[in-house]
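Now for the letters of each chain:
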Amino acid sequence: MINPFTQVICNRRASSVIAGIVISTLVNGLSSPMGFAETTASKKVSQNFTTPIPSGILTPDTVKTSAGTFRFFDGMPDGETVRKSFENLKFIRGYETFLTLMPAASIEMLRHGHAEVGVDNHTKVALMAPLNSNPLFLTGNTDTVYGSTFFNLKKTGPLVIEIPAGLGPGTINDAFFRFVADTGAPGPDKGKGGKYLILGPDDSEPSHAGGYFVFRSPTYSNWLILRAFLDSNGKPDQAIANYENGLRLYPYSQRDNPAQMIFIQAGEKVFNTVHANNFEFFNELNTVIQREPVAFLDPELRGLASAIGLEKGKSFSPSPEDKKILEEAIQVGVAYVRSDMGKPRNQDVYFYQGKQWFTPFGGGSHEWLVDDGAGGRNLDARNNFFWGYTVNTPAMVLQMIGAGSQYGVVATDANGRYLDGSKTYKFTIDKDVPAKDFWSMVVYDPQTRSELQTGQLLPSKNSVRNQDLDVNTDGSIDLYFGPKPPTGKEANWIETVPGKGWFAVFRLYGPLQPWFDKIWQLNDIQPMG
């Protein structure tokens, strides 16, 4: 059936009287989001169209926006408007590429940093026993013994990883920092050790793969990061021996005669694993795009990157004008992630109402999914994580009582002010910390998001290594932060730097139920004086 209202409107031969009545009714009697009721649009209808046109689909001759003033003749842009709009689009695509593909650049610089210290294939492992403040390494800790290496499945084919019993949690992440597998206590070997077989995107599973824990990675390059704990005296010797005597990586095709492993002490070396915060970021990202299979990113993400010239098989050589736009896009993106780093705007990440501590894993999902994906991906939470942290694993967000680890981050004092290296603060750790293994507190530099560099190579305290900590009569422990220690508090002091800020991460290894139930809580950091 034809709507009689539409029939009247569409009858271009209706008398001027009838047309006038209809238009008058539209102007005075109807209102819609598309703007039927707006007088200016009605004037345009009567002057330039034969039927009523919603003003919401029309573009004025002059439009003022934060991106500039755009000018049109009957919807057709002048040359300056064309230039500004395309430049703005290039900026937007560059900005979104920086934020969305940051995980790829971040893990690429981890690979590059490892290669700098000689860990350039699967037979070499960096041991950081411990990791001190010389390397630039996103929020690495000083309290576990890291074993870290990269492998390229295009070069090795299916790769065997032998994990010795007794290691702490380990994780494999792909070249986009996606989770591939866990090892150790949170993995299928449950801390008893075992053989893992990692398949690349081009590999078929061998016919005799029984006895292996089999996983597939969608990328060629992958990161294996393992942790082992200090002994009861706070020493790394036992952990180092476990790595050297039991950790093995070799191609499945060489399983009968694997190459000898090489372990490189890297915890005190000077090297960088942090991605660039300027145009160089795009070159780092381009390295990943050129090396990895096309399908490691979905078409939407590939389109985002190719819109600014990053496409597999093609050179990346933007014009000086485009390079300037992309540099600005990076800086605006950096301003955003720095704004969210210490004071996240997502209130759900804070552990306790009215306190400053928050989790780096917003939303309780290692994929940053909102409501199991019904709300899509929490982009702020994901950006916040990859700006400041590494290692993507479900173990970080699962309630694994007595296994794995949990993290609390703080960048502000009890009054909500950023922590200042020129001031002195006190942090009280209540008694009975709910950690089966141990707790630690590590201080970081907000610029590098790496360990704060001071006169203390280990800017941290933990309950295993620092057995000389002064304990209060009620069982609590006070830690102090500042350029100088309060008198008599040297054992409980972590040095900070005047003129610099800082933030901290409190870790619980083997977290217990009171942590998850929030019966035991972290106290805010209090300014002194």
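Parameters and conventions
- Residues numbered from 1 in each chain as written.
- Predicted model: local features only at pLDDT ≥ 70, side-chain atom pairs only at ≥ 80, totals over all residues.
- Heavy atoms only, no water.
- Salt bridge = Lys/Arg side-chain N within 4 Å of Asp/Glu carboxyl O.
- Helix = DSSP H or I, 4+ residues; strand = E, 2+ residues; numbered from the N terminus.
- Buried < 20%, exposed > 50% of the residue type's maximum accessible area, 1.4 Å probe, protein only.
- Patch = residues over 30% accessible without salt bridge, like charges linked within 9 Å, V, L, I, M, F, W, Y side chains within 5 Å.
- Areas by Shrake-Rupley, 256 points an atom, 1.4 Å probe, with all protein chains shown as cover.
- Axes fitted to C-alpha atoms, helices over the stretch in contact; angles between N-to-C directions.
- Parallel < 35°, antiparallel > 145°, perpendicular 65-115°, else oblique.
- Left-handed = near helix turned anticlockwise from the far one by under 90°.
- Contact = heavy atoms within 4.5 Å.
- Nonpolar A, V, L, I, M, F, W, Y, C, P; charged D, E, K, R; others polar.
- Lys, Arg positive; Asp, Glu negative; His and termini not counted.
- Pairing = 2+ DSSP bridges.
- Polar contact = N/O pair within 3.5 Å; in protein donor to acceptor, adjacent residues only side chain to side chain.
- Phe/Tyr/Trp six-rings, centres within 6.5 Å; stacked < 30°, edge-to-face > 60°.

Chemist: Please explain the pattern of salt bridges as it appears in this structure.
Modeler: Summed over the entire model, instances satisfying the criterion amount to 13 salt bridges. Glu 87 serves as the salt-bridge partner of Arg 83, at 3.0 Å between the closest nitrogen and oxygen. Linking Arg 83 with Glu 87, this pair stays in helix H4 (residues 79–100), spanning four residues, or about one helical turn. We classify Arg 83 as partly exposed; its relative accessible area is 36%. On the accessibility criterion, Glu 87 (33% relative accessible area) is partly exposed. Glu 108 serves as the salt-bridge partner of Arg 291, at 2.9 Å between the closest nitrogen and oxygen. Placement of the pair is Arg 291 in helix H8 (residues 280–291) and Glu 108 in helix H5 (residues 102–116), with a sequence separation of 183 residues. Through salt bridges with shared partners, a single ionic network connects Glu 108, Arg 111, Arg 291 and Glu 292.

Chemist: What is the right way to look at a nonpolar patch on the surface in this model?
Modeler: Judged by side-chain polarity, Val 82, Phe 86 and Leu 89 come together as a nonpolar surface patch covering roughly 260 Å² of accessible area. Tracing the backbone shows Phe 86 in helix H4. Residue class for Phe 86 comes out exposed when judged on its relative accessible area of 57%.

Chemist: I tried to follow the packing of H4 against H8 on my own but got confused; where do I start?
Modeler: Helix-helix packing is described using two parameters, namely the angle between the two axes and the distance between the axes. Where H4 contacts H8, the axes come no closer than 11 Å and their chain directions differ by 60 degrees. By the angle between their axes, H4 is oblique relative to H8. Note that H4 runs across H8; the crossing there is left-handed. Residues Gly 94, Thr 97 and Phe 98 of H4 form the contact with H8, whose participating residues are Phe 281, Phe 282 and Leu 285. In terms of residue class, the contact of H4 with H8 is made up of four nonpolar, two polar and no charged.

Chemist: Explain the side chain of Arg 227 here, please?
Modeler: Tracing the backbone through its elements, the reader meets Arg 227 in strand S11 (residues 221–229). Asp 182 provides the closest opposite charge to the buried, unpaired Arg 227, separated from it by 7.3 Å. Discounting residues that sit within four places of it in the chain, Arg 227 has contacts with Asn 141, Thr 144, Val 145, Tyr 146, Leu 167, Gly 168, Pro 169, Tyr 243, Ser 405, Tyr 407 and Tyr 509.

Chemist: Looking at this structure, how should I read the sheet that holds strand S16 (residues 435–444)?
Modeler: Sheet strands pair via backbone hydrogen bonds, and the direction of the pair is either parallel or antiparallel. Strand order across the open sheet formed by four strands is S14-S20-S16-S17, with antiparallel pairing between neighbours. Bordering the open sheet on either side are strand S14 (405–410) and strand S17 (460–462), each of which pairs with just one other strand. For this sheet the average axis-to-axis angle between neighbouring strands, irrespective of direction, equals 15 degrees. Summarising the sheet, S16 and strand S20 (residues 503–511) pair through eight bridges and their orientation is antiparallel. Residue Phe 438 lies in a different strand from S20, and its bridge partner there is Tyr 509.

Chemist: What am I meant to see in the environment of Glu 451 here?
Modeler: Within the element layout of this structure, Glu 451 appears in the loop between S16 and S17. In this structure Glu 451 comes out as buried when scored by relative accessible area, which is 3%. Residues Glu 451 and Ile 477, 26 residues apart in the sequence, show an inter-C-alpha distance of 22 Å. Among residues more than four places away in sequence, those in contact with Glu 451 are Leu 131, Asn 132, Ser 133, Gly 140, Asn 141, Thr 142, Val 442, Val 443, Tyr 444, Asp 445, Leu 457 and Pro 459. Reaching out from Glu 451, the side chain makes a polar contact with the backbone nitrogen of Ser 133 at a distance of 3.1 Å.

Chemist: Would you explain the pairing of strand S2 (residues 68–73) in this entry?
Modeler: As a general feature of sheets, a regular strand has side chains that alternate between the two faces. The pairing of strand S1 (residues 62–65) with S2 spans four bridges and is antiparallel. What sits directly across from Thr 65, in S2, is Gly 68. With antiparallel pairing between neighbouring strands as the criterion, S1 and S2 make up a hairpin whose turn holds two residues. As defined by bridge partners, S2 adjoins strand S3 (residues 76–77) across two bridges and the pair is classed as antiparallel. Across the sheet, residue Phe 72 finds its bridge partner in S3, namely Pro 77. From the end of S2 to the start of S3, which pair antiparallel, there are two residues, and Asp 74 there has a positive phi angle of about 50 degrees.

Chemist: What is the right way to look at the sheet that holds strand S21 (residues 526–527) in this model?
Modeler: Pairing is mixed across the open sheet formed by four strands, whose spatial order is S19-S18-S15-S21. Two strands in the sheet have a free side with no partner beyond their single neighbour: strand S19 (493–495) and S21. Sheet topology note: the strand S15 (residues 425–429)/S21 ladder contains two bridges and is antiparallel. If you follow Tyr 425 over to S21, its bridge partner there is Pro 527.

Chemist: I keep staring at the packing of aromatic side chains and nothing clicks. Help me out?
Modeler: How two aromatic rings sit relative to each other is given by the distance of their centres and the angle of their planes. Using the criterion set out here, one finds 31 aromatic pairs in the structure. With a centroid separation of 5.2 Å and an interplanar angle of 65 degrees, the aromatic rings of Phe 351 and Trp 515 are classed as edge-to-face. Placement of Phe 351 in the loop between helix H10 (320–341) and helix H11 (379–388) and of Trp 515 in helix H12 (residues 513–517) is noted, with a sequence separation of 164 residues between them. Judged by relative accessible area, Phe 351 falls into the buried class, the value being 14%. When the ring of Phe 361 is compared with that of Phe 385, the centres are 4.6 Å apart and the planes differ by 35 degrees; the resulting orientation is tilted.

Chemist: How should the side chain of Asn 222 be read in this particular structure?
Modeler: Mapped onto the secondary structure, Asn 222 falls in strand S11. We classify Asn 222 as buried; its relative accessible area is 0%. Side-chain polar atoms of Asn 222 contact the backbone oxygen of Thr 219, separated by 3.2 Å. If we skip the residues at most four places from it in the chain, Asn 222 touches Thr 149, Phe 150, Phe 151, Leu 153, Ile 172, Asn 173, Asp 174, Val 180 and Ser 217.

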